[in-house]
Each structure stands twice: as structure tokens, then as C-alpha cells.
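# Notes for the structure review
Listed below are the residues making up each chain.
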Amino acid sequence: MPARPAAKASPDPAGLLGCSCMWLRKATRRLSQIYDQHLEPLGLTITQYGLLARLSAADGIGVGAFAEQLVMDPTTLTRNLRPLQRQRLVVFARDPRDRRSRMLHLTARGRERLAEARPVWAKAQHQIEESVGRADVAALHASLGRLLERLAA
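Residues numbered from 1 in each chain as written. Predicted model: local features only at pLDDT ≥ 70, side-chain atom pairs only at ≥ 80, totals over all residues. Heavy atoms only, no water.

### Description of the overall build of the protein
How we decide: Helix and strand assignments come from DSSP, with helices taken as H or I runs of at least 4 residues and strands as E runs of at least 2, each series counted from the N terminus. Should any heavy atoms of two residues lie within 4.5 Å, those residues are counted as being in contact.
A tally of helices and strands in the protein yields 6 helices and 2 strands. For the protein, the sequential pattern of α-helices and β-strands runs α-α-α-α-β-β-α-α. Considering only intrachain contacts with a sequence separation of at least 6, the fraction spanning at least 24 residues in the protein is 48%.

### So, the environment of R54
The following threshold applies: Exposure is judged per residue with a 1.4 Å probe applied to protein chains only, and the accessible area is read against the type maximum: over 50% gives exposed, under 20% gives buried, and values in between give partly exposed.
Assignment of secondary structure puts R54 in helix 2 (residues 46-57). Of the residues examined, R54 reaches a relative accessible area of 40% and is grouped as partly exposed. With 16 residues separating them in the primary sequence, R54 and L70 have C-alpha atoms 8.8 Å apart. Those residues within four positions of R54 in sequence are excluded, and the remaining contacts are F66, Q69 and L70.

### A look at the pairing of strand 2 (residues 98-106)
The test is simple: Here, strands pair whenever DSSP counts at least two bridges between them.
Sheet topology places strand 1 (residues 90-95) next to strand 2; 6 bridges connect them, and they run antiparallel. Bridge pairing links V90 to L106 in strand 2. The hairpin turn running from strand 1 into strand 2, its antiparallel successor, is 2 residues long.

### With respect to the nonpolar core
Rules: Put simply, buried Ala, Val, Leu, Ile, Met, Phe, Trp, Tyr and Cys residues joined by side-chain atoms within 4.5 Å make one nonpolar core.
The biggest cluster of nonpolar side chains holds 28 residues, and the ones touching the most others in it are L52, L81 and L84. Those elements giving two or more residues to this core turn out to be helix 1 (20-39), helix 2, helix 3 (63-70), helix 4 (74-86), strand 1, strand 2 and helix 5 (108-132). Among the elements that take part in this core, helix 2 stands out by supplying 5 residues, more than any other. In contact with L84, not counting residues within four places along its chain, are L44, Q48, L51, L52, L89 and V90.

### Comments concerning helix 5
The criterion, for reference: Here the expected span of a helix is defined as 1.5 Å times the quantity of residues minus one. We define the bend at any residue as the angle between the axes fitted to the seven residues before and including it, ending there, and the seven starting there.
Helix length check: helix 5 (25 residues) gives 36 Å between terminal C-alpha atoms against 36 Å at 1.5 Å per residue, within 8%. When the local axis directions of helix 5 are compared, the greatest deviation, roughly 30°, occurs at A117, which is followed within four positions by the proline P119. Along helix 5, the residues that are buried comprise G110, R113, L114, A117, A124, Q125, I128 and E129. Taken together, the buried residues of helix 5 touch helix 1, helix 2, strand 2 and helix 6 (134-152).

### Examining the side chain of R113
Put simply, the rule is: In the analysis that follows, any N or O atom pair within 3.5 Å is treated as a polar contact, provided that within protein one partner can donate a hydrogen and the other can accept it, and provided that, for residues neighboring in sequence, both atoms belong to side chains.
One can find R113 in helix 5. Taking relative accessible area as the criterion, R113 reaches 15% and is therefore assigned buried. Here L42 takes part through its backbone oxygen, which lies 3.1 Å from a polar atom of the side chain of R113.

See the structure below:
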């Protein structure tokens with residue numbers, strides 16, 4: 001009996017090359033690494049910076065509403081806020097209208113850290129725009145905005 005030829009390994013054995021989630025997660029990890037390198041001297045990650053920046057515009061928001069704005073689970077949001085709370089950058093306060101609900105506030109220290117971090121974030125953003133191209137970054141933002149709108153429906 002003639003020897004059977006060895007089966008060729010599939011270039012995509014897990015079938016992930018067409019997986020949008022995998023591509024987005026890989027890109028997000030790479031982008032996060034760039035921002036995190038810039039923000040690390042301030043003791044922040046890009047996730048934490050984003051939370052501080054968004055909270056500065058929504059100070060006093062409830063945890064559930066904030067999680068909804070961020071397209072996050074409230075438990076995940078709370079877990080991500082804990083390090084900021086330990087650094088005394090954010091505080092949880094009871095909602096005076098509903099004692100079961102918690103509201104989020106930036107502290108004075110949180111506002112100061114955010115002010116320090118903004119130019120550092122801008123340097124990371126500039127690095128990405130220089131690497132990728134401003135037009136491609138703008139197109140990416142527009143495409144992701146449409147994606148979020150369509151998937152929310």
C-alpha cells in the first residue's frame with residue numbers, strides 16, 4: 001500500500017482568521033500597550049484613564065448608568081474602579097434618593113491626576129496617529145462608531 005501523504009496543516013486551524021472579535025481584541029491589546037507605557041509613570045492604565053475622563057464629564061452618575069454608557073457589566077466596572085478608589089481618585093457615595101444605589105464622584109485628587117494624565121495621553125494618541133496615519137485613525141473611529149450603533153440595535 002502506498003504511503004499516504006501527510007495532511008497539510010491548515011493556516012487557520014481554529015478558524016479565527018475571520019473572527020472580528022479576535023481582530024478587535026488583538027488591536028485593542030496593542031493600542032492599550034502603547035497608552036499604558038505612556039501612562040505608567042502616573043500609576044494609571046488606559047482603562048483607568050478612560051474611566052477618570054468619562055467620570056469627569058458625568059460626576060455623580062450611578063454605577064449602573066455609568067456601566068451602561070461604557071457598554072460594561074456593572075460588576076466589571078466596579079472591579080475596574082477599585083484601584084482608583086484605593087488611590088483616592090474616585091469615591092462611591094450612596095444616592096440620597098435611593099439608599100441602595102451608589103453614585104460615583106471624582107475626588108480633587110482624581111481631577112488633579114486626570115489633569116496630569118491628559119498631556120501624557122495626548123502623546124500616546126499622537127504616537128498612534130503618526131504610526132497609523134490620522135486619516136486611518138479617523139476612519140477607524142467612524143467605522144467603530146457605526147459598528148457600535150448597529151450592534152446596539
